[in-house]
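Reading the structure
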Amino acid sequence: MTQAPHTDTAATDLQALGVSKHYGAFAAVADLSFSVARGSFFSILGPSGCGKTTLLRMIAGFQSPDHGDILIGGKSMQGVLPNKRPVNMVFQHLALFPMMSVGENVGYGLARRGVAASEIKRRVGEMLERVSLPGAQAKRIDQLSGGQKQRVAIARSLVLEPTLLLLDEPLGALDLKLRQHMKIELKQLQAAFGTTFVYITHDQSEALVMSDHVAVMHQGKFEQVGTPQQLYYQPQTPFVAGFVGANNCLQGRATAVDHKNITLVTQGGMELRAVAMGPVRVGDAVEAFVRPEVARISRQAQTFSDQGHSAYGGKVESILFDGANSAVLLREETTQLEFRIALPQTGQFHDLAVGEQVHFGFDPQRAVCFATGDRATTHGH
Amino acid sequence: MATEAMSVEKTQARLMIALLLAPAVVWLALLLVLPHVELAILSLRVRVAPRVYEPSLAQFATFFGEPLYWHTFVRTAVMSIVSTAITLLVAFPMAWTIAKIARGRMQSALLVLCLIPFWVSETVRALGWMILLRESGVLPGVLMALGITDMPVEMLYHDATILVGLVYTSMLFMVVPLVSALESLDDALIEAAYDLGGNGWSILRQIIIPHAAPGIVSGCIVVFMLTLGNYLTPTLLGGKSSQWFTEQIYTQFITRFNWEQGAAFGFLLLGLSTAIVWVGLKLSGQKFGEVMRKS
């Protein structure tokens, strides 16, 4: 694991110490330790079934770890029930109380704490103003739009001034447009309140856009913890490279190692260079990743040789037009490997046709490669 | 042409609906409306000479003038309300277990267990209670054998016995609407309330009961009506001291052959149950249509 964002307890709001949770023989969360800095937006990103929900529920107190301890605001949460923790949660489907008005929803936690009615009224009013829903107290939940419900759910939790706000994929049920909008809004809300947010999601774009730090979770473990930029540009494991952002994955064997610069040859005989992440020796089975926007296409092979990059030939298989995210799928001519390359925004390739022969290449310094742990007995290829 | 075809289609659709509704309409008309019209006429007349009748409110006057009648009337209402309340209290934890705690096969097994007593007739069930509770029955025998009582105690013919029998008889009709009401409650709501600082009691009061209210009310209406109109269980378990209003109606019709008085009593009971259901709906803030649709 890479270093946690911060290690001194004074500035951490959440700390996990060797937390495990098993369901029979299956380890949902396996010996996990990490800490989250005060006031940061921390996301846990992983595919479904990676254990992120279990982890979140253990932080909230709905489940207890088999081993290890969770510290919130520096205090151990062992044996502390969910209603006594300084933590609140925004549920996946928000779980607003349909039998109560907006004002009653937001005031629920305060009323449970025995705050005086006049004080509740004042604080609910203030909180609704801060989430841009002034005067919505008397509305019924079913009168609200998806985005408004989202804000009520956040207001209901934040009005209690928790040390930690947990968010369990709350944007999952929204349509794409609203989701894009809410991503920005959530980030702004977090910055405005300064509360530590722990956000779990399987949507990498949500995690990358909103977070200060992201932990990529896989099979109960954190593969990598880092800033969105670190995850994207310096993935530490093949899983992170494959999971965060689109990537072309090429498998082969390392044939030459010069410090960090690896030359590898794929099964089909395509030779390429990349930067090693972790130790790689000659003969190791390796996986190289080339991002679509790192690779470029050209109609002349010379474009690449001029810059000292290898050039490959390929046939355009399909053109994936998606505005600014347009890409082209190529099939490399010798290995028949599929390669995804982002189209430049200059409109230079607007006349590109399916079946056309083009050249492509990439800067080896921006491609990464990992040893997959399977050492060759014979030096083939 | 097209409009003609459409109108033919419409007529056919209407005919179809009429045919589908026919059995229900015939059923209601023959078994509900007709007898009630006849009973209404009966209840509003008085016999002045053999085969000579006059319109009169005398039957209703008798009811209010004779304390035994309206005592029985009030007693039946109060006992039915108490019985409904007990049924709700007993059925709620059962419904909660079935809806929220049991899973898969356990869930259906528990529901079947609630249903099993209904495989035998009400008479047999009441007789079962009698075998258990009568002076020479099982339970007094056990109590004596354990040295708790010196001699067998007569456990039949008490108000408590009637209540036990009534609650037992109506349990299923409370459990089923409660289960469906509780099943539709999203567990996340309970967790959210707990997360925001709620405790068991406040969550029950503010989240679970408001959500289950239509189910609770519809269960209560069904159980209350069944209890109020029950004849067999109060008579068998309460004996002479049962004083159930349906017995009065039975006596008027069958023993006294005073159909006019019996019909008047019948209408009074109908009015009573309607009034109490109406008050119950008002108190709980529920709407009858909604309650019946949701159960």
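Just so it is clear, the structure is predicted and the values come from calculations on it, not from any experiment.

Quick word on the overall build of chain B
What chain B contains, in helices and strands, is 13 helices and 2 strands. Its C-alpha atoms give chain B a radius of gyration of 24 Å, clearly above 19 Å, the size a compact globule of 295 residues would have. Along the first, second and third principal axes, the C-alpha atoms of chain B reach 90 × 75 × 35 Å. Relative to its full complement of 295 residues, chain B shows a buried share of 28%. If you take every contact in chain B between residues at least 6 apart in sequence, the share linking residues at least 24 apart comes to 70%.

Looking at the overall build of chain A
If you tally the helices and strands in chain A, you get 9 helices and 20 strands. Projecting the C-alpha coordinates of chain A onto the three principal axes gives extents of approximately 75 × 50 × 35 Å. Split into buried and exposed, the 381 residues of chain A put 41% on the buried side. Considering only intrachain contacts with a sequence separation of at least 6, the fraction spanning at least 24 residues in chain A is 67%.

Structural notes on the interface of chain A and chain B
Each partner contributes residues to the interface: chain A has 17 residues there, and chain B has 15 residues. Top contributing element to the side of chain A that touches chain B by residue count: helix H2 (residues 102-112) of chain A, with 3 residues.

Focus: helix H9 (residues 200-228) of chain B
Over its 29 residues, H9(B) runs only 34 Å from end to end, short of the ideal 42 Å by more than 12%, given 1.5 Å per residue. At Ala213(B), H9(B) shows its largest kink, close to 60°, and the proline Pro214(B) lies no more than four residues downstream.

Quick look at the pairing of strand S3 (residues 41-45) of chain A
Residue and element names in this part refer to chain A. The element S3 is largely enclosed, with a buried count of 5 among its 5 residues. Here S3 shows a buried face lined by Phe41, Ser43 and Leu45 and a second buried face lined by Phe42 and Ile44. Relative to strand S8 (residues 196-201), S3 runs parallel, the two sharing 5 bridges. Considered in S8, the bridge of Ser43 is made with Tyr199. In the sheet, S3 pairs with strand S9 (residues 213-218) via 4 bridges, with the strands oriented parallel.

What about the nonpolar core?
The biggest cluster of nonpolar side chains holds 129 residues, and the ones touching the most others in it are Ile59(A), Leu166(A), Val216(A), Ala288(A), Cys369(A) and Leu178(B). Ranked by residue count, the leading element in this core is H9(B), at 11 residues. Inspection of this core shows a minimum of three residues originating in each of domain 1 (9-239) and domain 2 (246-375) of chain A. Aside from chain neighbours lying at most four places away, what touches Cys369(A) is Ile262(A), Leu264(A), Ala274(A), Val275(A), Ala276(A), Met277(A), Val280(A), Val286(A), Glu287(A) and Ala288(A).

Things to note about the sheet that holds S8(A)
Residues and elements named next belong to chain A. On the basis of which strands lie adjacent, the open sheet formed by 6 strands has the order S6-S7-S8-S3-S9-S10 and mixed pairing. A single partner strand is all that each edge strand has here, and the edge strands are strand S6 (87-90) and strand S10 (221-226). Ignoring strand direction, the axes of neighbouring strands in this sheet form an average angle of 20°. Each of S6 and strand S7 (164-168) touches helix H4 (residues 146-158); the most contacted strand, S6, lies at about 175° to it.

Here we look at the confidence of the model for chain B
Per-residue pLDDT for chain B averages 90, and the proportion of residues at 70 or more is 98%. Both confidence scores are given for the complex: pTM 0.81, ipTM 0.82.

Topic: the sheet that holds strand S16 (residues 312-320) of chain A
Residues and elements named next belong to chain A. Within the open sheet, the 5 strands sit side by side as S15-S19-S16-S17-S18. Their pairing is antiparallel. The strands lining the two open edges of the sheet, one partner per strand, are strand S15 (295-298) and strand S18 (338-342). The sheet shows a mean angle of 45° between the axes of neighbouring strands, direction not considered. When S16 meets strand S19 (residues 357-362), the two strands line up antiparallel, connected through 4 bridges. Counterpart to Gly313 in the pairing with S19 is His359.

Examining unusual backbone geometry
At Leu94(A), a residue that is not glycine, the phi angle is positive and equals roughly 70°. Position of Leu94(A) among the secondary structure elements: in the loop between S6 and H2. The phi angle at Gln243(B) is positive, at roughly 45°, despite the residue not being glycine. With respect to the helices, strands and loops of the structure, Gln243(B) is situated in the loop between helix H10 (232-238) and helix H11 (245-255). Under the C-beta neighbour-count criterion, Gln243(B) is labelled partly exposed, with 18 such atoms within 10 Å.

Notes on the packing of helix H5 (residues 122-133) of chain B against helix H7 (residues 159-183) of chain B
Residues and elements named next belong to chain B. Their axes nearest at 11 Å, the elements H5 and H7 cross at an angle of 140°. Compared by their axis directions, H5 and H7 come out oblique. For the pair H5 and H7, the sense of crossing is right-handed. Between H5 and H7, the contacting residues are Glu122, Arg125, Ala126, Trp129 and Leu133 on the first element and Thr161, Gly165 and Thr169 on the second. Of the residues in the contact of H5 with H7, the class split is 3 nonpolar, 3 polar and 2 charged.

Observations regarding the environment of Gly46(A)
All names here are of chain A. Locating Gly46 in the fold gives a position in the loop between S3 and helix H1 (52-60). Sequence-wise, Gly46 and His259 are 213 residues apart; in three dimensions their C-alpha atoms are separated by 32 Å. Residues within four places of Gly46 in sequence aside, it is in contact with Lys52, His202, Val216, Met217 and His218.

Comments concerning the domain arrangement of chain A
Residues and elements named next belong to chain A. You can read the domains of chain A as domain 1 (9-239) and domain 2 (246-375). Domain 1 and domain 2 are separated by 39 Å when their C-alpha centres are compared. Domain 1 puts 4 residues into the contact, and the matching count from domain 2 is 5 residues. Of the residues contributing to the side of domain 1 that touches domain 2, the split by class is 2 nonpolar, 2 polar and no charged.

Definitions and limits used
Residues numbered from 1 in each chain as written. Chains lettered and ligands numbered in written order. Predicted model: local features only at pLDDT ≥ 70, side-chain atom pairs only at ≥ 80, totals over all residues. Helix = DSSP H or I, 4+ residues; strand = E, 2+ residues; numbered from the N terminus. Rg over C-alpha atoms; globule rule 2.2 N^0.38 Å. Buried ≥ 20, exposed ≤ 12 C-beta atoms within 10 Å, placed from the backbone. Contact = placed C-beta atoms within 7 Å. Expected span 1.5 Å × (residues − 1). Bend = angle between axes of the 7 residues up to and from the residue. Pairing = 2+ DSSP bridges. Core = buried A, V, L, I, M, F, W, Y, C linked by C-beta atoms within 7 Å. Domains from an automatic or database assignment. Axes fitted to C-alpha atoms, helices over the stretch in contact; angles between N-to-C directions. pLDDT = per-residue confidence, 0-100. Parallel < 35°, antiparallel > 145°, perpendicular 65-115°, else oblique. Left-handed = near helix turned anticlockwise from the far one by under 90°. Nonpolar A, V, L, I, M, F, W, Y, C, P; charged D, E, K, R; others polar.

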